[in-house]
Amino acid sequence: MQYCHMPSPVGPLLLAGSKKTLNILSFPGGDKAIQPHADWVRSDSSFGEVKRQLQAYFAGELTQFDLRFELQGTPFQKKVWQTLATIPIGQTRTYGWLAKAVGSPKASRAVGAANGANPLPVILPCHRIIGANGKLTGFGGGLPTKKFLLELEGVKLPGEQLIML
């Protein structure tokens, strides 16, 4: 697997995958931060299109990613992750909404676990999932990063009215 780091407003992001596809995007902090494995090969010239689109996103110029990536997970996890991509920028949804959207309305906890295992945060916007009470909940990159991403997208945070379905 190849990897590189790219600067971002939330710190250096780890990008990893093959020459053709992205498999992992990791934040520098939080409880889900990933470090390169010993057998990974550093390639700073890799993932040019990923970097371009992420830079445009952080500049407020991109609202939807169009990237080649490969998801590695269970069929249920993949369904959850693909559903995340349907949440429009600037909006949030709840775990209950996500459970219904994947056809498992009583599986909010399983949906939460799949959401937390998302290998491509930002691109598959797990940060747009919030608690039923409108509050920010756990995020693998840390709650300050989640707050930053939502504010970048124009979401009104707790204490203000949230756009939820």
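Predicted model, so just to flag it, every value in this text is computed and none were measured.

About the thresholds
- Residues numbered from 1 in each chain as written.
- Predicted model: local features only at pLDDT ≥ 70, side-chain atom pairs only at ≥ 80, totals over all residues.
- Heavy atoms only, no water.
- Core = buried A, V, L, I, M, F, W, Y, C linked by side-chain atoms within 4.5 Å.
- Buried < 20%, exposed > 50% of the residue type's maximum accessible area, 1.4 Å probe, protein only.
- Helix = DSSP H or I, 4+ residues; strand = E, 2+ residues; numbered from the N terminus.
- Pairing = 2+ DSSP bridges.
- Contact = heavy atoms within 4.5 Å.
- Salt bridge = Lys/Arg side-chain N within 4 Å of Asp/Glu carboxyl O.

So, the nonpolar core
Ranked by size, the top nonpolar core spans 36 residues in total, and within it L13, L15, L54, F65 and I123 carry the most contacts. With 5 residues, helix 1 (residues 48-58) is the largest single contributor of residues to this core. Counting residues in each nonpolar core, the second largest holds 5 residues, with Y3, L14, I24 and W40 among its members.

Side note on the pairing of strand 2 (residues 13-17)
Extensive coverage of strand 2 is indicated by the burial of 5 of its 5 residues. Burial of strand 2 is two-sided: the residues L13, L15 and G17 facing one way and the residues L14 and A16 facing the other way are all buried. Across 5 bridges, the pairing between strand 1 (residues 2-6) and strand 2 is antiparallel. Counterpart to H5 in the pairing with strand 2 is L14. Connecting strand 1 to the antiparallel partner strand 2 that follows it, the hairpin turn spans 6 residues, and G11 within it adopts a positive phi of roughly 105°. As defined by bridge partners, strand 2 adjoins strand 3 (residues 22-26) across 4 bridges and the pair is classed as antiparallel. The residue of strand 3 that forms the bridge with A16 is I24.

A few points about helix 1
Within helix 1 the residues assigned to the buried category are V50, K51, Q53, L54, A56, Y57 and F58. Turning to helix 1, the residues buried within the fold contact strand 1, strand 2, strand 3 and helix 5 (143-152). Backbone geometry just after helix 1 places G60 at a positive phi near 80°.

Describing the pattern of salt bridges
The final tally for this structure, using the stated rule, is 4 salt bridges. When the shortest N-O distance is used, the salt bridge between R52 and E49 registers 2.6 Å. Residue R52 and its partner E49 are both found in helix 1; the two are separated by 3 residues, about one turn of the helix. The class of E49 is partly exposed, set by a relative accessible area of 38%.

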